[in-house]
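# Breakdown of the fold
Here is how the chains run, residue by residue.
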Amino acid sequence: MVKVGGDPAPQDSARRLREGMARGVLSFPLTAFHDDGTLDPDGFRAHAADRLAAGPGALFPACGTGEFFSLDEDEYRTVVAVAVEEAAGRVPVVAGTGYGWAQAARFARIAEEAGADALLVLPHYLVDAPQDGLAAQLEQLAARTRLPLIAYQRGPVAYTVDSLRRIARIPNVIGLKDGHSDLDRLQRLTLAAPDGFLFFNGAATAEIQARAYATVGVPAYSSAVHAFAPEIAGAFFAALRDGDHGTADKLLRAFYVPFVEIRDRAPGYAVSLVKAAARLRGQRVGPVRAPLTEPSPADLAGLEALLTAGLDLVGAAL
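Residues numbered from 1 in each chain as written. Predicted model: local features only at pLDDT ≥ 70, side-chain atom pairs only at ≥ 80, totals over all residues. Heavy atoms only, no water.

One turn of the α-helix equals 3.6 residues, which is why residues spaced by three or four share an orientation. Taking 1.5 Å per residue as the helical rise, helix α4 (residues 101-114) with its 14 residues ought to reach 20 Å, and the 19 Å between its terminal C-alpha atoms agrees with that figure. Among the residues making up α4, those that are buried are Ala104, Ala105, Phe107, Ala108, Ile110, Ala111, Glu112 and Ala114. Buried residues along α4 sit against α3 (73-87), β3 (94-97), β4 (118-121) and α5 (131-142). Gly115 sits one or two positions beyond α4 and adopts a positive phi of about 100°. (Helix = DSSP H or I, 4+ residues; strand = E, 2+ residues; numbered from the N terminus. Expected span 1.5 Å × (residues − 1). Buried < 20%, exposed > 50% of the residue type's maximum accessible area, 1.4 Å probe, protein only. Contact = heavy atoms within 4.5 Å.)

With 73 residues, the main nonpolar core has Leu17, Phe60, Tyr76 and Leu120 as its most contacted residues. Residues within four places of Tyr76 in sequence aside, it is in contact with Ala62, Phe68, Leu71, Ala95, Gly96, Phe107, Ile110, Ala111 and Leu119. Within the second largest apolar cluster, 33 residues are counted, among which are Ala227, Val285, Leu306 and Ala316. (Core = buried A, V, L, I, M, F, W, Y, C linked by side-chain atoms within 4.5 Å.)

Ordered in space as β2-β1-β8, the 3 strands form an open sheet in which the pairing is parallel. Only two strands of the sheet have a single neighbouring strand rather than two, namely β2 (58-59) and β8 (222-223). Strand direction decides the pairing type here: strand β1 (residues 26-27) and β8, joined by 2 bridges, are parallel. Paired with Leu26 across the bridge in β8 is Ser222. (Pairing = 2+ DSSP bridges.)

Next up on the list: the packing of aromatic side chains. Two numbers describe a pair of aromatic rings. These are the distance of the centres and the angle of the planes. One pass over the full model with this rule turns up 13 aromatic pairs. Measuring from centroid to centroid gives 5.9 Å for Phe68 and Tyr76, while their planes differ by 75°, and the two rings are edge-to-face. Considered together, Phe68 and Tyr76 belong to a single accessibility category, that of buried residues. Measuring from centroid to centroid gives 4.9 Å for Phe68 and Phe107, while their planes differ by 65°, and the two rings are edge-to-face. Here Phe107 lies in helix α4 and Phe68 lies in the loop between β2 and α3, a separation of 39 residues in the sequence. Aromatic rings pair up to connect Phe228, Phe236, Phe255, Tyr256 and Phe259 into one cluster. A cation over an aromatic ring shows up here: Lys177 above the ring of Tyr152, its NZ or CZ 4.5 Å from the ring centre. (Phe/Tyr/Trp six-rings, centres within 6.5 Å; stacked < 30°, edge-to-face > 60°. Lys NZ or Arg CZ within 6 Å of the ring centre and 35° of its normal.)

This next bit is on the packing of helix α10 (residues 245-263) against helix α12 (residues 297-313). Geometry of a packed helix pair, given as the angle between the helix axes and the separation of the axes. Where α10 contacts α12, the axes come no closer than 10 Å and their chain directions differ by 165°. Overall, the two elements α10 and α12 adopt an arrangement that is roughly antiparallel. Note that α10 runs across α12; the crossing there is left-handed. In contact with Lys250, Leu251, Ala254, Phe255, Pro258, Phe259 and Ile262 of α10, α12 contributes Asp299, Gly302, Leu303, Leu306, Leu307, Gly310 and Leu313. (Axes fitted to C-alpha atoms, helices over the stretch in contact; angles between N-to-C directions. Parallel < 35°, antiparallel > 145°, perpendicular 65-115°, else oblique. Left-handed = near helix turned anticlockwise from the far one by under 90°.)

One key point about sheets: their strands pair by backbone hydrogen bonds, in either a parallel or an antiparallel sense. The strand order across the open sheet built from 5 strands is β3-β4-β5-β6-β7, with neighbouring strands paired in parallel fashion. Each having just a single partner strand, β3 and β7 (198-201) make up the two edges of the open sheet. Direction aside, neighbouring strands of the sheet carry axes that sit 25° apart on average. Bridging between β3 and β4 involves 4 bridges; their strand directions are parallel. When the bridges of β4 are listed, Val94 appears paired with Ala118.

Note that the residue after Ala290, namely Pro291, is joined by a cis bond; omega there is 15°. Along the polypeptide, Pro291 turns up in the loop between α11 (269-280) and α12. Even without glycine at this site, Tyr99 takes up a positive phi of about 75°. Looking at the secondary structure, you find Tyr99 in the loop between β3 and α4. Tyr99 sits in the partly exposed class, given a relative accessible area of 25%. With phi around 45°, Thr205 is a residue other than glycine that occupies positive phi space. On the secondary structure map, Thr205 appears in the loop between β7 and α8 (210-215). Classification of Thr205 as buried rests on a relative accessible area of 8%.

Here you go:
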């Protein structure tokens, strides 16, 4: 069970995440806002409950898809606490944290108090940094939280083999999420990591590259599609798990690739398009916050047609 303010053993969190990764996709719920941009806790609670009912391997609130970058500390506390309450210990809850280590530590303390099981450490803000600095950032944060940490390499963060070995020696660093999709580098990192160290495919619309990641020993992936179409996300996960490449290819051709083509039309669509799709399914998630913007009317129409067709493929309806 989740213990608010407790001291979760990193090994236990890693075990629960590993078990969850084998059971389902990693779900990144959307943070719900009212039309005026204020937080909608009840909308988020309903959305999180629906995601949990679809059987994910873990729940990652207040991360990139959940617009962590736009939340103040009180809003963050509410989002994480609601996620923990709804999960009720059934799956691990991994909250996002980020910015510099000092601010990340403030969010980490809030997540501890709210009962999160672990933290996903999002890339730091703005500056480029050498490898020593990237590792020191995690060391500083790890010294200030009891929660297990998953490093996220994306944007300005990309670890070398030596840095991976260094951060893996930090007692409460349990894994690495990769968003660079450099499979040569990633293979070297997986080979250098200690036994039991977790790796996650964190590419945008990760299903597109899921099979490629699996070939270098990283089968687990985050699914933004789970936030609005768990039927499609679940069917794709099952196809990969069962070696049903025909079904996987059909879903990639008919849904995932066209979805990515719409996603790539404008910056920020990786979140705002997902949120628009959730609203099409009747989810009370509201708009995105600036600097993100809503999809254009033409892209919304294309999204609705694609979502209808994708759901039809798996025997579901809009």
